[in-house]
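Listed here are the chains, written in short residue letters.
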Amino acid sequence: MNKALFSDESRRFAGSTVYIILAPDNRYKFDTGKSVPLTVCVTHQRARRYFSTGYKVSSMKEYEALFSKSNTAIETRKELRKMFDRVCAKADELILLNRFSVADLKSYLDKSEGKVTEKTMRADDTFSYWAALGASKEKVKTRAMYSSALDWFKLFRKDKPISLSAVDTAIITRFAKWLDEQKARNGTDQPLSLDTRMVILRATRAVFNQAYKDGHTTMVPNFKGLIHAGNRRRLNALTVEEVLRLWEYWLAAPDKQSKYARAVGRSLLLYCLNGMNTIDMAKLVWTEKAAVSQKFPQFVFIRSKIDRANKPIGKQLDETSVPIIPQLRQLLDVYASPYSPGELVFPDIFLNAVTDEQKAIRVHDFNRRISKNIKDVCESLGIQSVTPQYARNSFISALAHHGVMTAYIDYAVGHATSEVSALLAGYISNVTPAMMQAFNEKIFIVPPIL
């Protein structure tokens, strides 16, 4: 293979690397008198597929000219980069959905509508509109959610097309009942989980809400009673007693790096870190405030969700402090990087990921491993199976049961909004590091019966 104009070899799937490069098609030679196509070549587990860019070069000299700094070469590279990035993005989506193969990638690209355009937005076909709307989303996780929901809706419809205006409340109700009867796609005979069904229905609702806003339909199907709002947040929390069982299991584990102990330890880390989500945990950086020598050591972070929203919050709330309580310090000693100001605390989460899509895949894989390996532990301890998402709710629940003021809990988990920023800022400014330490230490103390 000639040297690649673009390449990305950082993707991992099924234990091997997915190689994606843009270069002259090595099935052709320059000395035949014919032009050689420039293609994006994807290789995985000895399977290879070529995706046309529509460009050809007649000689190696002409190809090497594309690497130059001329205006023509720069413009050509921009156009080629669009095709290359499109293939990479679709590969990331399939990897995230655990459905990658080079054959599926080709099929996915062939069917893909790409970004939403004026033309696609006017389409009345539900399938094409849904695909275009999903592909227009910025985040790979959101695109994957729309794509997965569309797959289920197509299966429900047996791939029979339907116009946007024809989808009414009766059809959506039948779709919801049909989902109740479906099996999970994990090789077991288990039904779809409540969480999965709710994600599918929320994505479906978003599609038809947007179709209504775009003027493609005059009525939005009624989802009332089909989506259990708030159900997940009420149920997905451990009691302090259950957290202590996991803590005792971890303390007793002879090998803290075994897959089960590691899953429990990672889950407890999220819990101790103010119920932090994994993306924020991955971005956490060592500072001097976190040093062992500090009387009340703390981590400082800005919640990604608030940072992305760019809300006009008070300056005092831009950063949230996380007291390093004794249990957290024990976990850090095992799973964190050595203390070094400016360095990531948990570099193994992102690993070599660079782009947002790659980081999202790494976080998804991190969460998946925790959920998979902690399940057996929870069953052996007689507690409900947990996922990383339980940490936040469990942390909030523990402090609430101890009677800790809501203002501190909101601050600790990053609930700052423009409406309450002034109130919280006034309260938090009077909370000392010692008080924060005392509050957080309660998450390992069984609340008293009031």
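Since we're looking at a predicted model, the values are computed, not measured. (Residues numbered from 1 in each chain as written. Predicted model: local features only at pLDDT ≥ 70, side-chain atom pairs only at ≥ 80, totals over all residues. Heavy atoms only, no water.)

Undergrad: What is the right way to read the overall build of the protein chain from this model?
TA: When its secondary structure is counted, the protein chain shows 20 helices and six strands. Within the protein chain, buried positions represent 47% of all 450 residues. The long-range fraction of contacts in the protein chain, counting pairs at least 24 apart against all pairs at least 6 apart in sequence, stands at 61%. About 23,400 Å² of surface is accessible on the protein chain, with carbon and sulfur atoms providing 51% of the total. (Helix = DSSP H or I, 4+ residues; strand = E, 2+ residues; numbered from the N terminus. Buried < 20%, exposed > 50% of the residue type's maximum accessible area, 1.4 Å probe, protein only. Contact = heavy atoms within 4.5 Å. Areas by Shrake-Rupley, 256 points an atom, 1.4 Å probe, with all protein chains shown as cover.)

Undergrad: Can you walk me through the nonpolar core in this structure?
TA: For soluble globular proteins, the rule of thumb is that nonpolar side chains tend to be buried together. By size, the foremost hydrophobic cluster in this structure holds 61 residues, and its most contacted members are F299, L332 and F346. Filtering out sequence-adjacent residues up to four positions away, F299 remains in contact with L273, L284, V285, W286, A290, T320, S321, V322, I324, L328, L332 and V345. The next biggest cluster of nonpolar side chains, apart from the first, holds 31 residues, and it includes V18, Y63, C88 and F100. (Core = buried A, V, L, I, M, F, W, Y, C linked by side-chain atoms within 4.5 Å.)

Undergrad: Just checking my understanding: could you explain the pattern of salt bridges for this structure?
TA: Counting across every chain of the model gives nine salt bridges. Where R262 meets D348, a salt bridge forms, and the shortest distance between an N and an O atom there is 3.4 Å. Note that R262 is positioned in helix 11 (residues 259–272) and D348 in helix 15 (residues 347–350), a separation of 86 residues in sequence. The class for D348 is partly exposed, based on a relative accessible area of 26%. One network of salt bridges, in which partners are shared, links R262, R266 and D348. (Salt bridge = Lys/Arg side-chain N within 4 Å of Asp/Glu carboxyl O.)

Undergrad: I tried to follow the packing of aromatic side chains on my own but got confused; where do I start?
TA: Aromatic rings considered in pairs are described by the distance between their centres and by the relative angle of their planes. Applying the stated criterion across every chain yields a total of 19 aromatic pairs. Look at F153 and F156: their rings are 5.9 Å apart centre to centre, the planes differ by 45°, and that puts the pair in the tilted class. With F153 and F156 both in helix 6 (residues 140–157) and three residues apart, this pair spans about one turn of that helix. Assigned by exposure class, F153 and F156 land together as buried. Here the aromatic rings of Y408 and Y411 are separated by 6.3 Å at their centres, their planes lie at 45°, and the arrangement is tilted. Here the residue Y408 and the residue Y411 both occupy positions in helix 18 (residues 406–412), the gap between them amounting to three residues, near one helical turn. Both residues of the pair, Y408 and Y411, count as buried. An aromatic cluster is defined as three or more aromatic residues linked by ring pairs; in this entry it consists of F127, W130, W152, F153, F156, F175, W178 and F208. (Phe/Tyr/Trp six-rings, centres within 6.5 Å; stacked < 30°, edge-to-face > 60°.)

Undergrad: What should I look at first to understand unusual backbone geometry in this one?
TA: Among all residues except glycine, the phi angle is most often negative; among peptide bonds, the trans geometry is most common. Of note in this structure, R46 is not a glycine but carries a positive phi near 70°. Here D159, not a glycine, exhibits a phi torsion of approximately 65°, which is positive.

Undergrad: Honestly, the side chain of T76 in this entry has me stumped. Any pointers?
TA: By the secondary structure assignment, T76 is in helix 2 (residues 71–96). Of the residues examined, T76 reaches a relative accessible area of 15% and is grouped as buried. Discounting residues that sit within four places of it in the chain, T76 has contacts with Y55 and L66.

Undergrad: Hey, could you run me through the confidence of the model for the protein chain in this one?
TA: When pLDDT drops low, the exact placement of atoms in the prediction is not to be read closely. Scored by pLDDT, the protein chain has a mean of 83; 85% of the residues are at 70 or more. Taken element by element, the protein chain is modelled with least confidence in helix 4 (residues 118–121), mean pLDDT 39, and with most confidence in helix 14 (residues 326–335), mean pLDDT 97. Within the model, the stretch residues 230–234 combines pLDDT values under 50 with six contacts to residues more than four positions away or in other chains. Low confidence marks residues 417–421, where pLDDT is under 50. Its contacts with residues over four positions away, or in another chain, come to eight contacts. (pLDDT = per-residue confidence, 0-100.)

Undergrad: When you look at the packing of helix 10 (residues 240–252) against helix 14 in this model, what are you seeing that I'm missing?
TA: Helix-helix packing: each pair is described by the crossing angle between the helix axes and the interaxial distance. Where helix 10 meets helix 14, the closest approach of the two axes is 13 Å, and the angle between their N-to-C directions is 40°. Between helix 10 and helix 14, the angle is such that the two are oblique. Handedness of the helix 10/helix 14 crossing: left-handed. Of the residues in helix 14, those touching helix 10 at W247, W250 and L251 are Q327, Q330, L331, V334 and Y335. When its residues are assigned to classes, the contact of helix 10 with helix 14 shows six nonpolar, two polar and no charged. (Axes fitted to C-alpha atoms, helices over the stretch in contact; angles between N-to-C directions. Parallel < 35°, antiparallel > 145°, perpendicular 65-115°, else oblique. Left-handed = near helix turned anticlockwise from the far one by under 90°. Nonpolar A, V, L, I, M, F, W, Y, C, P; charged D, E, K, R; others polar.)

Undergrad: Before we go on, may I ask you to explain the packing of helix 7 (residues 169–180) against helix 8 (residues 194–213) in this structure?
TA: The contact between helix 7 and helix 8 brings their axes to 10 Å, and the two run at 160°. It follows from the interaxial angle that helix 7 and helix 8 lie roughly antiparallel. Crossing hand, helix 7 versus helix 8: right-handed. Residue-level contacts link I172, F175, A176, L179 and D180 of helix 7 to R197, I200, L201, T204 and F208 of helix 8. Its residues placed into classes, the contact of helix 7 with helix 8 shows seven nonpolar, one polar and two charged.

Undergrad: Teacher, can you tell me more about helix 5 (residues 126–135) here?
TA: In an α-helix, one full turn covers 3.6 residues, which means residues spaced three or four apart are oriented alike. Within helix 5, nine of the 10 residues are buried, which leaves the element mostly enclosed by the surrounding structure. Those residues of helix 5 not exposed but buried are T126, F127, S128, Y129, W130, A132, L133, G134 and A135.

Undergrad: Just checking my understanding: could you explain helix 7 for this structure?
TA: Helix length check: helix 7, at 12 residues, gives a terminal C-alpha distance of 17 Å against a target of 16 Å (1.5 Å per residue), a fit within 8%. Restricting attention to buried positions, one finds in helix 7 the residues I171, I172, F175, A176, W178 and L179. The buried residues of helix 7 occupy an angular sector of 160° when the element is viewed end-on, so they sit on one face. Against the buried residues of helix 7 lie helix 6 and helix 8. (Expected span 1.5 Å × (residues − 1). Arc of directions from axis to C-beta.)

Undergrad: Explain the pairing of strand 2 (residues 16–24) here, please?
TA: A regular strand places its side chains so that they alternate between the two faces of the sheet. For strand 2, the tally of buried residues reaches eight of nine residues, placing the bulk of the element in the interior. Inspection of the sheet shows strand 2 paired to strand 3 (residues 36–44) by six bridges, in the antiparallel sense. From the neighbouring strand, I20 faces strand 3, where its bridge partner is V42. (Pairing = 2+ DSSP bridges.)

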